[in-house]
Each structure stands twice: as structure tokens, then as C-alpha cells.
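A look at the structure
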Protein chains: 2
Amino acid sequence: MPPRTYHHPEAGEIAIARVLFALSEPLRLNMVRMLAEQGEVDSINLGPDLPRSTLTHHTSLLRESGVVFVRAEGRKCMIKLREEDLEARFPGLLGTVLTAYGSAGDEGETDA
Amino acid sequence: MPPRTYHHPEAGEIAIARVLFALSEPLRLNMVRMLAEQGEVDSINLGPDLPRSTLTHHTSLLRESGVVFVRAEGRKCMIKLREEDLEARFPGLLGTVLTAYGSAGDEGETDA
DNA sequence: CCAATCGTTCGAGTTTTCTCGCACGATGAT
DNA sequence: ATCATCGTGCGAGAAAACTCGAACGATTGG
């Protein structure tokens, strides 16, 4: 029996409005920032204090909007940014948003 | 008695999450694209078919999030992008989003 | 095999956003 | 002055998003 599988939109199907919406949520924007810094991370590290169902909600939204790639590894769930796909589809977007976040996001850096 | 006045956040107060949220709505994203192409525009041109109160709702949201500058001119209301402020605050963001929109936004070009 | 752990799904409740009709003040033209 | 026009604010209703507890299947370790 295959492990958990996840549906991901193809690179060409990623819609700008959905990406912007995904990034407009502070929790998710913070997740994306962590992913940009740390590469592939265990989903639990994206929100150690969040209820699991809430965490799943946000990671699923990021996945369905084409921002992240999700893969099951044992019981855990590894998340990484779709940097190449996003760069190909919307050149510069991710970098620009992350730069903007770094300079004016939330100055209270509660680093994990 | 002064004409209508509008409150605008200062450039330094513009928050990335709010800007992304403002741009994540298809109607508003389309408005921003028109503004980028046409410069300062009469608000009515941003949504000729929308109810007035709906149009006000979206233009107000764009204004309050720091994306556009609004000024009363007679009975009309002129809108323009805050390109310089946005560029200073979030370098490259607006251009990147508009490029992304142009290449993958909505292919149905209903040009005004 | 059994128990603990993890992510997912479902459902309910809360909050936010969106839409739009209506009344009002301001403006411009007659 | 009068009247039509425009944007705004308000209120209500609908739609969408967020949060989170509980139950379930899958996986790991004893």
C-alpha cells in the first residue's frame, strides 16, 4: 500500500492570484520564509505550537497553490519551496516577496 | 468646506502581507494592471459594470493597503498606483507581480 | 502484536471578506 | 435654486477563510 500521496499543480497551472493569496497570510508567509532559509523541513518545524489540523490546513493551501512541494517520509511530512517552478512561472516573485518580508515583514523575529 | 479627503498609510507603514492580500483578489489585481498601463485613472474606469459601493470597497482596500493613491476631482475620483512608494518599500514587487500577471494572469484580455 | 506517534479528514463554530441596495453629502450644469 | 450625477457610509446577507477538537489510517518502535 503506497504511502500518502499529494496532489500538486503543474508549474504551468500555478496562478498568480492564488500564490499571492497564499503568501498574504502571516502564518504562511512566515512558513515560506523558513523554507527559503532552511530548505526542506519537517512540517512540524513550520509551526510547532499550532494544532496539527491547523498546520495541515496551511501546508495544504501552500501546496495546492503551487508554492511548496510536499512529500511523505515515514510518519513525517517534508516540505520544500518550489523555487524553480515559481521562478520559471513568475520570475523574481519569490525573491522579491522574501526581500520585502525581511525588510518590512514582522520585526519580531521569533526564530525557530 | 474641503472636498473629500482620503487617508493613506505612509510609505513606511505599508505592510507586505496587506499588499499581497490586496493583490490576491482578481478584481483588484486587474485594477492594478490597468493603473500600471494607464497611469492615473478615473475610478469608474476600473469597474464600469460594478455597483458603485462594490467599487468603492475595492478602491478603499487598495488605498488602505498602500497600493494606490486616491484623490477627489470634482465629483470623480482619480486613482493612481503608488509606484515610487512601493518600489522604495518593496523593491521589484510591483513589477514582478505585473509581469507575472501578464504572462499567466488571465488570458482573456478585456481591455478598457 | 500492541501501543505510541504523526498527518489527514471531517465537522462545527468563529471571524473575515465580499456584494450590493439605499440614503446622504458634495459637485456641476441648467 | 433645482436637479441629475457621483462617491461614500451603512447595514444586511452570503460566501469564503480560519481554528481546532475528535476520529481514523498509516507508520514506527518495543
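Above this text is the structure in question.
Described in the following lines is the structure provided in the data block. Predicted, not measured: the structure shown is a model, and the values here were computed from it. (Residues numbered from 1 in each chain as written. Chains lettered and ligands numbered in written order. Predicted model: local features only at pLDDT ≥ 70, side-chain atom pairs only at ≥ 80, totals over all residues. Heavy atoms only, no water.)

1. Considerations on the relation of the copies chain A and chain B
Of the two same-sequence chains, chain A is brought onto chain B (RMSD 0.1 Å, axial shift 0.0 Å) by a rotation of 180°. Accordingly, the operation relating the two chain copies is best matched by a two-fold axis. (Least-squares fit on C-alpha atoms with pLDDT ≥ 70 in both.)

2. Considerations on the sheet that holds strand β1 (residues 41-42) of chain B
Residue and element names in this part refer to chain B. Read from one edge to the other, the open sheet built from 3 strands follows the order β1-β3-β2, with strand pairing classed as antiparallel. The two strands at the open ends of the sheet, each matched to only one other strand, are β1 and β2 (68-73). Bridging between β2 and strand β3 (residues 76-81) involves 6 bridges; their strand directions are antiparallel. Bridged to E73 within β3 is K76. Lying over the sheet, helix α2 (residues 26-38) contacts β1, β2 and β3, oriented at roughly 85° with respect to β3. (Pairing = 2+ DSSP bridges. Helix = DSSP H or I, 4+ residues; strand = E, 2+ residues; numbered from the N terminus. Contact = heavy atoms within 4.5 Å. Axes fitted to C-alpha atoms, helices over the stretch in contact; angles between N-to-C directions.)

3. Quick notes on the layout of surface pockets
Residue and element names in this part refer to chain A. The volume enclosed by the second largest pocket comes to roughly 280 Å³. Taken together, 15 residues make up the lining of the second largest pocket; nearest its centre are R4, Y6, S43, T56 and C77. Elements that contribute at least two residues to the lining of the second largest pocket include exactly α3 (52-64) and β3 (76-81). (1 Å grid on protein atoms, 1.4 Å probe; cavity = no way out; pocket = protein on both sides within 12 Å on 5 of 7 lines; lining within 4 Å. Points joined across faces, edges and corners; volume = space filled by probe spheres on them.)

4. Digging into helix α2 (residues 26-38) of chain A
A rise of 1.5 Å per residue sets the reference length of α2 of chain A, with its 13 residues, at 18 Å; its end C-alpha atoms lie 18 Å apart and thus fit the reference within 8%. G39 of chain A sits one or two residues past α2 of chain A and shows a positive phi near 75°. (Expected span 1.5 Å × (residues − 1).)

5. Quick notes on the environment of P51 of chain B
Of note, P51 of chain B is situated in the loop between β1 and α3 (52-64). Spatially, the C-alpha atom of P51 of chain B lies 16 Å from that of L61 of chain B, the residues being 10 residues apart in sequence.

6. A short note on the sheet that holds strand β2 (residues 68-73) of chain A
Residues and elements named next belong to chain A. The 3 strands are arranged β1-β3-β2 in an open sheet whose pairing can be described as antiparallel. The two strands at the open ends of the sheet, each matched to only one other strand, are β1 (41-42) and β2. For β1 and β3, the ladder comprises 2 bridges, and the chain directions are antiparallel. Bridging from a neighbouring strand, V41 pairs with I79 of β3. Contacts from α2 reach β1, β2 and β3 within the one sheet, and its direction differs from that of β3 by about 85°.

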